[in-house]
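Tertiary structure, described
Take a look at the letters that make up each chain.
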Amino acid sequence: MNKNEKINLVKYWRYMFLGYMMLAWIVLVFFMDKSEWTLIPAFFVYLIASAVVCHAYFIGMIGNFFYFIRKPDRAKVFYKKAVDMKTRNVKALYNYALDALHEGRADEALAIFQRAEKINTKPLFDKLIPLAISSCYWVLGDIDKAIEAIERLMEKYTYINPNTLTTLAYFYMLKNDFDKAEELTNKALKDNGEYAPAWDNLGQIYYLKNDYQKAEEYFKKALSYRETMTESLYYMGLIEKSKGNIAEAKEYLRKAGSGYISALSTVKKEDIDKAMEELN
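Rules used in this analysis
- Residues numbered from 1 in each chain as written.
- Predicted model: local features only at pLDDT ≥ 70, side-chain atom pairs only at ≥ 80, totals over all residues.
- Heavy atoms only, no water.
- Phe/Tyr/Trp six-rings, centres within 6.5 Å; stacked < 30°, edge-to-face > 60°.
- Helix = DSSP H or I, 4+ residues; strand = E, 2+ residues; numbered from the N terminus.
- Buried < 20%, exposed > 50% of the residue type's maximum accessible area, 1.4 Å probe, protein only.
- Lys NZ or Arg CZ within 6 Å of the ring centre and 35° of its normal.

Using the criterion set out here, one finds 13 aromatic pairs in the structure. Between Phe-66 and Phe-78 the ring centres are 5.6 Å apart and the planes differ by 15 degrees, which places this aromatic pair in the stacked class. Taken together, the positions of Phe-66 in helix 3 (residues 55-68) and Phe-78 in helix 4 (residues 72-84) put the pair twelve residues apart, joining distant regions of the chain. Look at Phe-66 and you get buried, because its relative accessible area is 14%. The class of Phe-78 is buried, set by a relative accessible area of 16%. Measuring from centroid to centroid gives 6.4 Å for Tyr-67 and Tyr-79, while their planes differ by 50 degrees, and the two rings are tilted. Here Tyr-67, found in helix 3, pairs with Tyr-79, found in helix 4; they are twelve residues apart in sequence, far enough to count as distant. Feature note: the residues Tyr-207, Tyr-212, Phe-219, Tyr-234 and Tyr-235 constitute an aromatic cluster, connected by ring pairs. Sitting over the face of the ring of Phe-66, Arg-74 holds its NZ or CZ atom 5.0 Å from the ring centroid. In this structure, Lys-127 is placed above the aromatic ring of Tyr-157, and the distance from its NZ or CZ to the ring centre is 4.8 Å.

Below, the structure is given as structure tokens:
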């Protein structure tokens, strides 16, 4: 085996499980002439043994279960334990790190995402993890590394979804490369013409270019697909303010401030509060 090849422990666990159940059937049913019902306790014995031997992975699975049934606080408790125990459960690592990233703990999240990337063997996370890593670099202020992480992903896969393209476009916009940002954003919209963050991207690009008329057109397009789009609401508030429409500006900013804002939001609560104070 190539030294760089990753070991798929889940696959090996499945093979061992099948081998174990075959052996249990041969011994219990074929040789000892027991009922096939005796395979049920044998099955639970294997699960208990797996939970003991692979306890860190198993704790991550419990976290995944609570995450699946939408009990994030309970999931977080088990995720934290699994992470501290150096679990190899990639889904648990990813979910915990993503939560940390949204809460602004980008340093912690980056280290966990990088650990997950080294052991991951699932195609889905092969795309999700680099995107998350790029967001960590962005939050940490290293735009060049953020761009590099996504462009490496684009070299590896022929198809990149609108979310990833829009994120990369936003990073180029931060570097004032508006042509590249617009090109990537339009590519995302060609894939999904109703993707609100892409329309918001175009709005921000033209806002920064001081073309408020076009920016307003794009922000309204974004809001037609996602009326709670915080960034579009915020910039529409600024545009209405520039027109002297104070009441309309306040309403946009009020809506922007009442939405969900995390460390990954490109507009912060302080920005909205400051704009509202200036209007008052």
